[in-house]
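One letter stands for each residue in the lines below.
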Amino acid sequence: MAKDKKVERITDMDADFAQWYTDVVTRAELIDYSGVKGFYVLRPYGYAIWENIQAELDRRFKETGHENVSMPLLIPESLLQKEKDHVEGFAPECAWVTYGGAEELEERLCIRPTSETLFCEHWARTVESWRDLPKLYNQWCSVLRWEKSTRPFLRHREFLWQEGHTLHATAEEAIEETERMLGVYAELCENYLAMPVTKGLKTDREKFAGAERTYTIECMMHDGKALQNGTSHYFGDGFARAFGITFSDKNNTLQYPHETSWGYATRSIGGVIMTHGDNSGLVLPPGVAPVQAVVVPVASHKPGVLERARELCETLKRAGLRAKTDESDNSPGWKFAEHEMRGVPVRLELGPRDIEGGKCVAVRRADGAKIEIPLEGAAEGVRAILKEAHGIMFARAKARLDENTRVASSLDEVKSIIAEKGGFIVTPWCGDEACEIRMKEDAGVTSRCIPFGQERVGDVCPACGRTADKTVVWGVAY
RNA sequence: CGGGGUGUGGCGAAGCUUGGUAUCGCGCAUGGUUCGGGACCAUGAGGCCGUGGGUUCGAAUCCCACCACUCCGACCA
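Residues numbered from 1 in each chain as written. Chains lettered and ligands numbered in written order. Predicted model: local features only at pLDDT ≥ 70, side-chain atom pairs only at ≥ 80, totals over all residues. Heavy atoms only, no water.

1. Details of the state of the cysteines
Link 1 in the chain: Enumeration according to the criterion identifies zero disulfides in this entry.
Link 2 in the chain: The thiol of Cys94 is unpaired, and the distance to the nearest cysteine sulfur, on Cys110, comes to 3.3 Å.
Link 3 in the chain: Not part of a disulfide, Cys189 finds its nearest cysteine sulfur in Cys219, a span of 4.6 Å. (Disulfide = S-S within 2.5 Å.)

2. Description of the packing of helix 1 (residues 17-27) against helix 8 (residues 267-276)
Link 1 in the chain: Between helix 1 and helix 8, the shortest axis-to-axis distance is 11 Å and the interhelical angle comes to 115°. The way helix 1 lies across helix 8 gives a crossing that is right-handed. Counted together, Phe17, Trp20, Tyr21, Val24 and Val25 of helix 1 and Gly270, Ile273 and Met274 of helix 8 form the full contact between these two elements.
Link 2 in the chain: Split by residue class, the contact of helix 1 with helix 8 holds seven nonpolar, one polar and no charged. (Axes fitted to C-alpha atoms, helices over the stretch in contact; angles between N-to-C directions. Helix = DSSP H or I, 4+ residues; strand = E, 2+ residues; numbered from the N terminus. Left-handed = near helix turned anticlockwise from the far one by under 90°. Contact = heavy atoms within 4.5 Å. Nonpolar A, V, L, I, M, F, W, Y, C, P; charged D, E, K, R; others polar.)

3. Observations concerning the pattern of salt bridges
Link 1 in the chain: Taken as a whole and judged by the stated rule, the model has 31 salt bridges.
Link 2 in the chain: Here Asp432 makes a salt bridge to Arg466, at a shortest N to O gap of 2.9 Å. With Asp432 in the loop between strand 21 (424-429) and helix 14 (433-443) and Arg466 in the loop between strand 22 (446-451) and strand 23 (470-475), this pair connects stretches of sequence that are 34 residues apart.
Link 3 in the chain: For Asp432, a relative accessible area of 29% translates into the label partly exposed. (Salt bridge = Lys/Arg side-chain N within 4 Å of Asp/Glu carboxyl O. Buried < 20%, exposed > 50% of the residue type's maximum accessible area, 1.4 Å probe, protein only.)

4. Topic: the domain arrangement of chain A
Link 1 in the chain: Assigned domains within chain A: domain 1 (17-71 + 121-276), domain 2 (293-400) and domain 3 (405-475).
Link 2 in the chain: Each of domain 2 and domain 3 was reduced to a C-alpha centroid, and the two centroids are 46 Å apart. (Domains from an automatic or database assignment.)

5. Let's talk about the sheet that holds strand 5 (residues 95-100)
Link 1 in the chain: The strand order 4-6-5 describes an open sheet built from three strands, whose pairing is antiparallel. The sheet is open, and its two borders are formed by strand 4 (74-76) and strand 5, each paired with just one other strand. Adjacent strand axes in the sheet meet at a mean angle of 45°, parallel and antiparallel pairs treated alike.
Link 2 in the chain: Bridge count between strand 5 and strand 6 (residues 103-111): five bridges; the pairing is antiparallel. Each residue of the ladder has a partner; that of Val97, found in strand 6, is Leu109. (Pairing = 2+ DSSP bridges.)

6. Some remarks on the side chain of Asp354
Link 1 in the chain: If you trace the backbone, Asp354 turns up in helix 11 (residues 352-357).
Link 2 in the chain: Since its relative accessible area comes to 9%, Asp354 is described here as buried.
Link 3 in the chain: Setting aside residues no more than four positions away along its own chain, Asp354 makes contact with Glu349, Lys359, Cys360 and Val361.

7. Comments concerning the packing of helix 8 against helix 12 (residues 378-403)
Link 1 in the chain: Across the interface, helix 8 lies against helix 12 with an axial gap of 10 Å and an inter-helix angle of 80°. With respect to helix 12, the element helix 8 is oriented roughly perpendicular. Residue-level contacts link Met274, Thr275 and His276 of helix 8 to Met393, Ala397 and Arg400 of helix 12.
Link 2 in the chain: Of the residues that constitute the contact of helix 8 with helix 12, the class distribution is three nonpolar, two polar and one charged. (Parallel < 35°, antiparallel > 145°, perpendicular 65-115°, else oblique.)

8. Comments concerning the environment of Glu67
Link 1 in the chain: Structurally, Glu67 is set in strand 3 (residues 67-68).
Link 2 in the chain: For the pair Glu67 and Lys135, spaced 68 residues apart in sequence, the C-alpha to C-alpha distance is 8.7 Å.
Link 3 in the chain: Once residues within four sequence positions are removed from consideration, Glu67 is found in contact with Leu136, Tyr137 and Asn138.

9. Let's talk about unusual backbone geometry
Link 1 in the chain: A cis geometry characterises the amide bond from Leu133 onward to Pro134, with omega recorded as -5°.
Link 2 in the chain: Phi is positive for Glu29, close to 60°, though the residue is something other than glycine.
Link 3 in the chain: Assignment of secondary structure puts Glu29 in the loop between helix 1 and strand 1 (31-33).
Link 4 in the chain: Its identity as a non-glycine residue notwithstanding, Phe153 has a phi of 65°, on the positive side.
Link 5 in the chain: Its place among the elements puts Phe153 in the loop between strand 7 (135-144) and strand 8 (158-168).
Link 6 in the chain: We classify Phe153 as buried; its relative accessible area is 2%.

10. Brief notes about the pairing of strand 19 (residues 370-374)
Link 1 in the chain: Looking at chain direction, strand 18 (residues 359-364) and strand 19 are connected through five bridges and run antiparallel. By the bridge assignment, Cys360 is partnered in strand 19 with Ile373.
Link 2 in the chain: Hairpin geometry of strand 18 and strand 19 is characterised by an intervening segment of five residues between the two adjacent antiparallel strands and by a positive phi of about 75° at Gly368.

11. Let's talk about helix 12
Link 1 in the chain: The first and last C-alpha atoms of helix 12 sit 37 Å apart over 26 residues, in line with the 38 Å expected at 1.5 Å per residue.
Link 2 in the chain: Buried within helix 12 are the following residues: Ala378, Ala379, Gly381, Val382, Ile385, Leu386, Ala389, His390, Met393, Ala397, Arg400 and Leu401. (Expected span 1.5 Å × (residues − 1).)

12. Some points on the packing of aromatic side chains
Link 1 in the chain: Applying the stated criterion across every chain yields a total of 16 aromatic pairs.
Link 2 in the chain: Their ring planes at 40° and their centres at 5.7 Å tell us that Trp123 and Tyr137 sit as a pair that is tilted. Of this pair, Trp123 sits in helix 5 (residues 116-126) while Tyr137 sits in strand 7, and the two are 14 residues apart along the sequence. In this pair, the class of Trp123 matches that of Tyr137, namely buried.
Link 3 in the chain: Judged by centre distance (4.7 Å) and plane angle (65°), the ring pair of Phe235 and Phe239 falls under edge-to-face.
Link 4 in the chain: Residue class for Phe235 comes out buried when judged on its relative accessible area of 1%. (Phe/Tyr/Trp six-rings, centres within 6.5 Å; stacked < 30°, edge-to-face > 60°.)

See below:
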């Protein structure tokens, strides 16, 4: 029946994971390339995933008291220069505007790579009293970073994200905020994207330019590589001092406030693809799938079939599910393959036999299970299957994370694990950056995080042999 | 930024060595027959051969430069 040579096949993921990824991203119509390197078109299906992530996050931000704002796109060079570490970190990736019309500008303007400086400048003007605090701001926007190598979703030069920026009277309050927002990201990942996360702190070497602490959630992809999927930063009062943000406390003493920022980007969509996808294409978590259930009428030319398919779809929509009917004139087999490739969590096949029996055949993308559900109360049936799908996907990803996280006690062991198996490697660490560099040079791994809930896995740093009091998760990162 | 690969209708390829104005499959449009795992017939539309220069009577083809994509490495807040 299948005529393979006519079929646009996607590359086998075990043969060439990178090519598989590119195939999925383009054939599922998530992304199109543009004329400029690193700039991509997010097509409707890809953008819809982002909109769903956005809606979930935005709701959580508002529940935790944040307000949305919009900051300028351009940053004067002098403003960017104010915080030394920050500018050093970002300068190599800045794109500059130097002309307005035909006139060369007196001061060149950076297209924002991130907006800390803009928020700071604004707060320096508007914050005066402890009564003005905290400031809990967020903005949805795109930023520009002139990356050298680019890949769809994983590393764009321009990417969509949200950046939260907050200002607090005390360090404790700011740290609490930083940890709270990391928790929001982790919750979204696990409960909506079905991606288990490893939460922790970045080492000094890996932290954000200008941050005192950087928190991260790290996810493991299908190929065992790590993807940083959301970070939050605690800045202390460093930026406040650099930008002259002060407030009068209750005792009328001038104080520097403490600042945080946190971001979550379209990169997470790449994470979803590489966590759940398989050789048939995308597998989308029900929580963010643009279409959660697709109704495929079979023998749609026969009287009543199309009508019943539409009715079924309407029933699902009324119940709050994202559903659609595929009324295209492709063959049913073509539609099955197509919607699988696009990762639709549930397919509902409805033909004359089903209508006669008052049921339809549901096929779950995550595991291919075929389940007959009665047309009466179909929404509940679909909802249950979606819930199970999420559970199956999360469990599978969690099992992979657990199976591919290995403890090592020597550098040789780290090397052989990464060469033969990949994944995450957990070791003790003395805390010396030199050892971190050694791990990178000798074994090719970077520290992903110092995980929360430090579990002791040994007493000796594998790189230097000295006493180690920290535990670090290492890996090869995207 | 260094090294490799690629660039020909929307997609995948042939043509390039040996210069003569582009071929095939899929897709697309229209009509018809089909329909439970990528159906079929008929007719038809669609190409500045990545871009710019050069050589030549003549360039998809030869030469130079650039651009983009892709993989590996470096870098990556």
